Number of protein chains: 2
Amino acid sequence: MSKLIFYYKRHNICAKLLSMSKKLTTRAEDYSKWYNELVVKADLAENSGVRGCMVIKPYGYAIWEKMQAELDRMFKETGHQNAYFPIFIPKSYFSKEASHVDGFAKECAVVTHYRLKNDENGNVVVDENAKLEEELIVRPTSETIIWDTYRKWIESYRDLPILVNQWANVVRWEMRTRLFLRTAEFLWQEGHTAHATKQEAIAESKQMQEVYASFAENFMAMPVIKGAKSDSERFAGALETYTIEALMQDGKALQAGTSHFLGQNFAKAFDVKFTTKEGKREHVWATSWGVSTRLMGALVMTHSDDKGLVLPPKLAPIQVVIVPIHRNDEQLETITEKLKDLIAQLKSKGISVKYDDRTTHKPGWKFAEYELKGVPLRIAIGMRDLENGTLEIARRDLLEKNIISFDDTVSYVGKTLVEIQDNLFKRALDYRNSHITEVNSFEEFKEVLEAKGGFISAHWDGTEKTEEEIKKLTKATIRCIPNDVKNEDGKCVLTGSKSSRRVLFAKAY
Amino acid sequence: MSKLIFYYKRHNICAKLLSMSKKLTTRAEDYSKWYNELVVKADLAENSGVRGCMVIKPYGYAIWEKMQAELDRMFKETGHQNAYFPIFIPKSYFSKEASHVDGFAKECAVVTHYRLKNDENGNVVVDENAKLEEELIVRPTSETIIWDTYRKWIESYRDLPILVNQWANVVRWEMRTRLFLRTAEFLWQEGHTAHATKQEAIAESKQMQEVYASFAENFMAMPVIKGAKSDSERFAGALETYTIEALMQDGKALQAGTSHFLGQNFAKAFDVKFTTKEGKREHVWATSWGVSTRLMGALVMTHSDDKGLVLPPKLAPIQVVIVPIHRNDEQLETITEKLKDLIAQLKSKGISVKYDDRTTHKPGWKFAEYELKGVPLRIAIGMRDLENGTLEIARRDLLEKNIISFDDTVSYVGKTLVEIQDNLFKRALDYRNSHITEVNSFEEFKEVLEAKGGFISAHWDGTEKTEEEIKKLTKATIRCIPNDVKNEDGKCVLTGSKSSRRVLFAKAY
């Protein structure tokens, strides 16, 4: 083996190539390991030298940018504007909203000093003379600093509603981290709105749940269940948390986005009142809502397979890759010449095309690379194709190849990208729907959870105690009370007490 | 006065309205105060509860988003991709590149703990048991963490160049802060590229200087001088710093963007080598380049006047505002009906239009508001206009009104927006050009600097000592050695020593 490595080194075959040639762990072998490997090998993200903080690599970031662009468009279409608030929050702000500080994790990055200096040995050390009077917290979420600001922005009903969103990084000092799913620093958007009435604030928080669901289903091709959180799973400081819940291929649920109706809690904590049309002074009503780079993890785990990523065309940075098959430079030139017009036509349709004419890598290597990276369509074209007026198109979702007439390519590509998007959604929906199981006893509950996983639809007596007990016994939590839940008399799956509706349980990320 | 405030309160006339009715300080009165007031009153930004950190308000952020969109497009057109690196940098990383740690300001936010807790009195305090082994610095710039990452990305010449940019927040613990110009936290982009050859890296850093200059002139309508920094003004760790320098209306210069050729300094510090085509191992060549929310300050100070902001149409969130003039609801309806098609036509041309039909504010109030906010064109239309088939269009740059035939509006608006963009650039260019003064003695130097300001073109003997002395005596620094400098024998303005070219001095932000 050492001889082989020596050979590789001498011939400039880099470690990256070596590691790529090693196959991915399969999902059946070890789902968790498969995910961790895939995220790194497909160039989405990697761990950094800072514990728990990730580097989002260009390919991964390009997907995130596409997500951002669509979400941002949807936020603006629903009347929101972007703004930016400080990354630091004075420690005292956290104490102001009692349920927020109690319920929110206290694992935060705390800034205590504001200067470094060289010590007598020339080492860089913290200057103990530069200690802050009040510590600053790197924001884990921004309700407190934003409501402290809104106090200055709001005088009367004329200043309402405030419909603001922020794209930002936040930090939560997680102990066990996983790329995208749970990292100390992550990127997200957080909407924070202020309203004159309770009804308007509730309507806003429900509207944003719909926006998130629409984004998840139409762009990520990821079906979600819309629902409300139970008391214990609610955001700290919220009166109601609306959620979208997705199902991963291993049968575990993933909370993909939440929208909170905050009542007047933050307005009261930060003394934000407005003068009504009738001249009365009242506290303002609030919502907040967010999705994060966690969606990247959800995207990977919804569609990808043992060969690598599978990306829905609407979020794929490269929708079509073209690989020329040639024996020499002359052939490459001929093929390139023939492709020029085709590439221009595809681009003019708004399709993102990469023509990979690198001679440093063989076609077989490229095929594996783009499969790993989940490019929806791969075109291969060689000299014989040129003679026949054809080319070969491979679909990433079905791992199927077709020979297509060269002249039909543009329309075939356009049509097939739509088909892939639809197929991915349908496949994920079928999987999800076949993994919602109604159970009527706790034995059945445990059996289904272990053998099959997925969502378990069960009666629950509505108490936190029962919820806690079920979690302790099975690791399953209430994912949501679905928006479209039907009234149905039944008995709690654990206690046998009366229940009027089923809720969805699952093990979750 | 107290009676008046009482009256206002009773009638719901908010403090915002009261403060707006107060005129801006004029530039002649106090330029610095004018700037500070304008940034707040025009809803660009405001100070937060966190010392030195600003809140960028929706209107200000909308301008920043437009800047970002254009710059991002230009970066991508020149082959760059975005990525994201951790906000925290382990303290030890800073020590690795000696000139970087020595030259770079040590005023940084230092994270020392990772948990809060409730003390016996229920107060939130830092948990002393959760002390980090190694302190983390909130990034003031990311060369160190990025080059620590590039070591893992680069094996051979095939992996080069790496052309990566990041949009991020950074923190420098500035003692005296001013909105946009100097804040503890600011937003920026930082490009970090890795190359196989010195020539390629130099070409990259020069290219980005050109990109910045083109953005400043074509979008911000802000003329800039391209040049190189002197040794003492260079970025810590760079071999060459290319800059674009703009001139504000008070005769002070503002460094608007810099691009650094970093040589192999960071590659050596972080042990980043690559295998050449010939099989040799060599250190990688680097550049970095950035512009920040400081550009917002530059934009304000280049064009705005005593009535408020003046925005170049290409960066204005609202390009045209339409204010209906009416006596009752019926008139408003008639006017609104008439405008529908016009608004649709303007939008279809990609022009951003706001129709302000709020009945809570009078037209006069609206006129002042949009003047303050720098909207390039304001259309007013009343019942008489409807009869005459006309409307009134006011240009913000010239404060000029014209009566236009209703049917000509779309073409007039399109043409005039282009004219305004050109006019703003020309006006700023004339001002800038008339404020570059050649001087040949130190007396003259001081006289011009005090009486007229602007750039002073003077011979300099090339030593840091002289540069330092001039700065001490006049507060002027060498802004740059212009790219297009001519060889010209002369004598240093301070020491009389031999000099072969003039450089540009100025007082600067």
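Residues numbered from 1 in each chain as written. Chains lettered and ligands numbered in written order. Predicted model: local features only at pLDDT ≥ 70, side-chain atom pairs only at ≥ 80, totals over all residues.

Our next topic: the overall build of chain A. Along its length, chain A carries 16 helices and 27 strands. With the principal axes as the frame, chain A shows a C-alpha extent of 80 × 75 × 55 Å. Intrachain contacts of chain A at a sequence separation of at least 6 include 67% that bridge at least 24 residues. (Helix = DSSP H or I, 4+ residues; strand = E, 2+ residues; numbered from the N terminus. Contact = placed C-beta atoms within 7 Å.)

Okay, the sheet that holds strand β17 (residues 320-324) of chain A next. Residue and element names in this part refer to chain A. If you trace the 5 strands from one edge of the open sheet to the other, you get β18-β17-β19-β20-β21, paired in mixed fashion. Only two strands of the sheet have a single neighbouring strand rather than two, namely β18 (353-355) and β21 (400-405). Mean inter-strand twist for the sheet, computed between neighbouring axes without regard to direction, equals 25 degrees. Note: β17 against β18, 3 bridges, orientation parallel. For V321, the partnering residue across the bridge sits in β18 and is K354. Strands in contact with helix α12 (residues 363-372) are β17 and β19 (377-381); relative to β17, the strand with the most contacts, it is inclined by about 170 degrees. (Pairing = 2+ DSSP bridges. Axes fitted to C-alpha atoms, helices over the stretch in contact; angles between N-to-C directions.)

Turning next to the relation of the copies chain A and chain B. For the pair chain A and chain B, the best superposition has an RMSD of 0.0 Å and corresponds to a rotation of 180 degrees with a translation of 0.0 Å parallel to the axis. The transformation just described matches what one would write down for a two-fold rotation axis. Considering only C-alpha atoms, the residue of chain A closest to the rotation axis is V111(A), which sits at 2.1 Å. Interface overlap between copies is the fraction of interface residues in one copy that are interface residues in the other; for chain A against chain B it reaches 98%, indicating a shared surface. (Least-squares fit on C-alpha atoms with pLDDT ≥ 70 in both.)

Residue and element names in this part refer to chain A. One can read the domain layout of chain A as domain 1 (2-41), domain 2 (55-303), domain 3 (313-431) and domain 4 (436-506). Sorting the residues of the side of domain 2 that touches domain 4 by element identifies β11 (225-228) and β12 (240-247) as the ones contributing at least two each. When residues in the side of domain 2 that touches domain 4 are grouped by element, the largest group, 4 residues, is from β11. (Domains from an automatic or database assignment.)

Under the 1.5 Å per step criterion, the end-to-end length of helix α14 (residues 409-433) of chain A is 35 Å for 25 residues, consistent within 8% with the ideal 36 Å. Among the residues of α14(A), T409(A), V413(A), T416(A), L417(A), I420(A), Q421(A), L424(A), F425(A), A428(A) and R432(A) are the ones counted as buried. (Expected span 1.5 Å × (residues − 1). Buried ≥ 20, exposed ≤ 12 C-beta atoms within 10 Å, placed from the backbone.)

Take the environment of V50(B) next. Residues and elements named next belong to chain B. Residue position: V50 is located in the loop between β1 (45-47) and β2 (54-56). When the 21 C-beta atoms within 10 Å are taken as the criterion, V50 is described as buried. The spatial distance from the C-alpha of V50 to the C-alpha of A184 is 9.4 Å, given a sequence separation of 134 residues.

This part takes up the nonpolar core. In terms of nonpolar packing, the biggest core is built from 291 residues, with A216(A), A246(A), A216(B), A246(B) and I456(B) touching the most fellow members. In contact with A246(B), other than residues within four places in its own chain, are A216(B), M222(B), V224(B), A253(B), L254(B), A256(B), A298(B) and T302(B). (Core = buried A, V, L, I, M, F, W, Y, C linked by C-beta atoms within 7 Å.)

Turning our eyes to something else, we now look at the sheet that holds strand β27 (residues 502-506) of chain A. Taken in spatial order, the 11 strands make up an open sheet running β3-β9-β10-β16-β13-β12-β11-β24-β27-β23-β22 (chain A), and their pairing is mixed. Two strands close off the open sheet at either side, each with one partner strand: β3 (81-82) and β22 (436-438) of chain A.

Once that is clear, we can look at helix α4 (residues 58-77) of chain B. Helical geometry: 3.6 residues make up each α-helical turn, so side chains three or four residues apart lie on a common side. All names here are of chain B. The end-to-end C-alpha separation of α4 is 28 Å, in line with the 28 Å expected for 20 residues at 1.5 Å each. Considered for burial, the residues of α4 that qualify are P58, G60, Y61, A62, I63, W64, M67, L71 and F75. Among the residues trailing α4, G79 stands out with phi positive, at a value near 90 degrees.

So, about the interface of chain A and chain B. On the side of chain B, 60 residues touch chain A, which itself brings 61 residues to the contact. Its residues assigned to classes, the side of chain A that touches chain B comprises 32 nonpolar, 15 polar and 14 charged. (Nonpolar A, V, L, I, M, F, W, Y, C, P; charged D, E, K, R; others polar.)

In this section: the confidence of the model for chain A. Per-residue pLDDT for chain A has a mean of 94; in total, 95% of the residues score no lower than 70. Predicted confidence is poor over residues 1-19 of chain A, with pLDDT under 50, and the contacts of this stretch with residues over four places away or in other chains come to 11 contacts. (pLDDT = per-residue confidence, 0-100.)

As a further point, take the pairing of strand β23 (residues 455-459) of chain B. Residues and elements named next belong to chain B. Extensive coverage of β23 is indicated by the burial of 4 of its 5 residues. Handedness of the crossover joining strand β22 (residues 436-438) and β23 through helix α15 (residues 442-451) is recorded here as right-handed. Inspection of the sheet shows β23 paired to strand β27 (residues 502-506) by 4 bridges, in the antiparallel sense. Across the sheet, A458 pairs through a bridge with V503, a residue of β27. (Right-handed = clockwise from strand over helix to strand, strands pointing away.)

This part is about the environment of A253(A). All names here are of chain A. Along the chain, A253 falls in strand β13 (residues 253-263). Separated by 223 residues in the primary sequence, A253 and A476 have C-alpha atoms spaced 9.8 Å apart. Beyond its immediate chain neighbours, meaning those up to four positions away, A253 contacts E245, A246, L247, F455, R479, A506 and A508.

This part takes up unusual backbone geometry. Residues and elements named next belong to chain A. At the junction of L160 and P161, the peptide bond is cis and its omega measures out at -5 degrees in the coordinates. Mapped onto the secondary structure, P161 falls in the loop between α7 (143-153) and β9 (162-171). A positive phi angle is found at A221, which is not glycine, with a value near 55 degrees. Tracing the sequence through the fold places A221 in the loop between α8 (198-218) and β11.

Moving on to the pairing of strand β20 (residues 390-395) of chain B. Residues and elements named next belong to chain B. Sheet topology places strand β19 (residues 377-381) next to β20; 4 bridges connect them, and they run antiparallel. For I379, the partnering residue across the bridge sits in β20 and is I393. Where β20 and strand β21 (residues 400-405) come together, 6 bridges link them in antiparallel fashion. Along β21, the bridge assignment pairs R395 with E400. A loop of 4 residues connects β20 with β21, the two strands running antiparallel in sequence, and L399 in this loop sits at a positive phi of about 50 degrees.

With that out of the way, let us pick up the environment of A130(A). All names here are of chain A. Looking at the secondary structure, you find A130 in the loop between β7 (124-126) and β8 (131-138). With 17 C-beta atoms packed within 10 Å, A130 lands in the partly exposed category. A C-alpha to C-alpha distance of 5.5 Å links A130 and H113, two positions 17 residues apart in sequence.

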